[in-house]
Amino acid sequence: MSVTSLSELLHQGRCILGEGAVIERLRRDPAIELDPHLVNSHLVYLEQGRRALAEISGGYLAIARRFGLPLLLSTPTWRASRERIAAAGLKDRDVNGDNFRFLDQLRKGCGAFAERVYICGLLSCSGDAYRPDQALTVAEAREFHGWQAAQLSASGVDLLLASTLPALSEATGLAQALAATGLPYIVSFVARPAGTLLDGTPLDEAVRTVDASSPHRPLAYLINCTHASVFRRALLDPEGSSDLVRERVVGLLANTAALSPEELDNSAELIEEDPELFGRSVAALRRDLGMQLLGGCCGTDDRHIESLARYLVEQGAVIQP
């Protein structure tokens, strides 16, 4: 669909807007019931679910279009592994492909702007993203994630994204599974202020290890589900980070709470940051650290992404057609 690839935009130093939260917004919608196995992947088969997904993703599309920024959307397939699809009673459905085609139809409805919308096939770790002790080994992860990676690749996505990864072992095996598809892919970690993954691995070691694990290395790295202030500290940490990390990590999908993963996991309420503060602090990462792909995660909605887009445009990030 897109004429200029995401890799070309990154190579040119351009800025890409990331979507905001999807699952957390659905979780707060009383009309939506998330699936215990698939979370939100099943919603494309339900009329109310399709409307809710279209409203959320359509809102992000409208913001990007209004501000003239390329947009990265993720398929609602965070938990759509073969095992979870079977447990949800949908093994006869092409869950990953159907979710891509749903987003692709939304994209096609944007006219000429559709060429500036990138759809990534989304995967994540097999267990709790805040529990590195649940991480698979490299070999287990390569086997577990290989099926979903192939399904998403065959669907027609522009690239693949492995997000919210807390541990190096599973991230390495997952990256190998993505590399085997031949598609460009991005690996996204959750970071601590000391410049480490949640399992304690320094970011520098994580990037070097994953880069070396396959001849088809990631297009780039992201950090997600991490507050902008934590991200800034992590990338500037003299022990965990490095020049290589600041070169290979190209952006942040930020949450709105400057809390540790353990605190967030035990929080009964969603912590929301003022949209203006969010937009200003996340956009500043482009100016100060050269970040190119910036968007939202837990706690964000249209207000936060609109604020971010406005600040990015004020910095001159817009690409005219």
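Residues numbered from 1 in each chain as written. Predicted model: local features only at pLDDT ≥ 70, side-chain atom pairs only at ≥ 80, totals over all residues. Heavy atoms only, no water.

**Student:** Would you explain the overall build of the chain in this entry?
**Tutor:** Looking only at helices and strands, one finds 13 helices and 10 strands in the chain. In terms of C-alpha radius of gyration, the chain reaches 18 Å, essentially the compact-globule figure of 20 Å for 321 residues. Expressed as lengths along the three principal axes of its C-alpha atoms, the size of the chain is roughly 50 × 45 × 40 Å. A burial count over the chain gives 58% of its 321 residues as buried. A separation threshold of at least 6 residues defines the contact pool for the chain, and within that pool the share at least 24 residues apart is 79%. About 12800 Å² of surface is accessible on the chain, with carbon and sulfur atoms providing 49% of the total. Looking at the chain, you have 31 positive and 41 negative side-chain charges, and the mean spots of the two groups are 5 Å apart. (Helix = DSSP H or I, 4+ residues; strand = E, 2+ residues; numbered from the N terminus. Rg over C-alpha atoms; globule rule 2.2 N^0.38 Å. Buried < 20%, exposed > 50% of the residue type's maximum accessible area, 1.4 Å probe, protein only. Contact = heavy atoms within 4.5 Å. Areas by Shrake-Rupley, 256 points an atom, 1.4 Å probe, with all protein chains shown as cover. Lys, Arg positive; Asp, Glu negative; His and termini not counted. Charge placed at Lys NZ, Arg CZ, Asp CG, Glu CD.)

**Student:** Help me understand the pattern of salt bridges, please; the structure alone is not making it clear to me.
**Tutor:** In total, this model carries 20 salt bridges according to the counting rule given. Note that Arg101 and Asp94 form a salt bridge whose closest N and O atoms lie 2.9 Å from each other. By relative accessible area, which is 37% here, Arg101 ends up partly exposed. Among the salt bridges present, the one from Asp104 reaches Arg107, with a minimum N-O distance of 2.9 Å. In this pair, Asp104 and Arg107 both sit in helix H5 (residues 95-108), three residues apart, roughly one turn of the helix. Exposure class is identical for Asp104 and Arg107. Each is buried. One salt-bridge network, in which partners are shared between bridges, spans Arg28, Glu272, Asp301 and Arg303. (Salt bridge = Lys/Arg side-chain N within 4 Å of Asp/Glu carboxyl O.)

**Student:** Got a minute to help me understand the packing of helix H6 (residues 138-155) against helix H7 (residues 168-179) in this structure?
**Tutor:** Two numbers describe a pair of packed helices, the interaxial angle and the distance between the axes. At a minimum axis distance of 7 Å, the contact between H6 and H7 shows a crossing angle of 40 degrees. Between H6 and H7, the crossing angle belongs to the class labelled oblique. Considering only the axes of H6 and H7, their crossing is right-handed. For the pair H6 and H7, contact is made by Val138, Ala141, Arg142, His145, Gly146 and Ala149 and by Ser169, Glu170, Thr172, Gly173, Leu174, Gln176, Ala177 and Leu178, respectively. Grouping the constituent residues of the contact of H6 with H7 by class yields six nonpolar, six polar and two charged. (Axes fitted to C-alpha atoms, helices over the stretch in contact; angles between N-to-C directions. Parallel < 35°, antiparallel > 145°, perpendicular 65-115°, else oblique. Left-handed = near helix turned anticlockwise from the far one by under 90°. Nonpolar A, V, L, I, M, F, W, Y, C, P; charged D, E, K, R; others polar.)

**Student:** What is the right way to read the packing of H7 against helix H8 (residues 203-212) from this model?
**Tutor:** Look at H7 against H8: their axes get within 9 Å of each other, and the N-to-C directions meet at 30 degrees. Relative to H8, the element H7 is oriented roughly parallel. Here H7 runs over H8; the crossing is right-handed. Contacts from Leu168, Thr172 and Ala175 of H7 reach H8 at Glu205, Ala206, Thr209 and Val210. Residue classes in the contact of H7 with H8 are distributed as four nonpolar, two polar and one charged.

**Student:** What is the right way to read the packing of aromatic side chains from this model?
**Tutor:** Note on aromatic pairs: each is described by the distance of the centres and the angle between the planes. With the rule as written, the count across this model stands at one aromatic pair. It is Arg79 that lies over the ring of Trp78; its NZ or CZ is 4.0 Å from the centre. The aromatic ring of Tyr311 is capped on one face by Arg310, whose charged end is 5.5 Å from the ring centroid. (Phe/Tyr/Trp six-rings, centres within 6.5 Å; stacked < 30°, edge-to-face > 60°. Lys NZ or Arg CZ within 6 Å of the ring centre and 35° of its normal.)

**Student:** Would you mind showing me how to read H6 here?
**Tutor:** An α-helix turns once per 3.6 residues; consequently, residues spaced three or four apart project the same way. The terminal C-alpha atoms of H6 lie 25 Å apart, and with 18 residues this matches the ideal 26 Å at 1.5 Å per residue to within 8%. Residue Gly146 marks the point of greatest curvature in H6, where the axis turns by about 40 degrees. Listed in full, the buried residues belonging to H6 are Ala141, His145, Gln148, Ala149, Leu152 and Ser155. As for H6, its buried residues are in contact with H5, strand S3 (117-124), strand S4 (159-165) and H7. (Expected span 1.5 Å × (residues − 1). Bend = angle between axes of the 7 residues up to and from the residue.)

**Student:** Before we go on, may I ask you to explain the nonpolar core in this structure?
**Tutor:** Burial of nonpolar side chains together is a common tendency in soluble globular proteins. By size, the foremost hydrophobic cluster in this structure holds 76 residues, and its most contacted members are Leu17, Leu26, Phe189 and Phe231. Not counting the four nearest positions on each side in its chain, Leu26 is found in contact with Ile32, Leu34, Asn40, Leu43, Ala52, Leu53 and Ile56. Counting 16 residues, the second largest nonpolar core, distinct from the first, contains Leu72, Ile186, Val250 and Leu293. (Core = buried A, V, L, I, M, F, W, Y, C linked by side-chain atoms within 4.5 Å.)

**Student:** Looking at this structure, how should I read the sheet that holds strand S5 (residues 185-189)?
**Tutor:** Neighbouring strands of a sheet are bound in pairs by backbone hydrogen bonds; such pairs are parallel or else antiparallel. The strand order around the closed barrel built from eight strands is S1-S2-S3-S4-S5-S8-S9-S10, with neighbouring strands paired in parallel fashion. Mean inter-strand twist for the sheet, computed between neighbouring axes without regard to direction, equals 25 degrees. By the bridge criterion, four bridges tie S5 to strand S8 (residues 220-226) in an arrangement that is parallel. When the sheet's bridge partners are listed, Phe189 is paired in S8 with Ile223. H6 contacts S3 and S4 of the sheet and is inclined by roughly 165 degrees relative to S3. (Pairing = 2+ DSSP bridges.)

**Student:** So what exactly am I meant to see when it comes to empty space enclosed by the protein here?
**Tutor:** One water molecule sets the probe size; rolling that probe over the atoms shows where empty space is left. On inspection of all chains with the given rule, the structure shows one cavity of 30 Å³ or more. In this structure, the largest cavity occupies an estimated 50 Å³ of space. Forming the boundary of the largest cavity are Trp78, Arg79, Ala80, Ser81, Arg84, Ser124, Cys125, Ser126, Phe144, His145 and Gln148. Class assignment of the residues belonging to the lining of the largest cavity gives a composition of four nonpolar, five polar and two charged. (1 Å grid on protein atoms, 1.4 Å probe; cavity = no way out; pocket = protein on both sides within 12 Å on 5 of 7 lines; lining within 4 Å. Points joined across faces, edges and corners; volume = space filled by probe spheres on them.)

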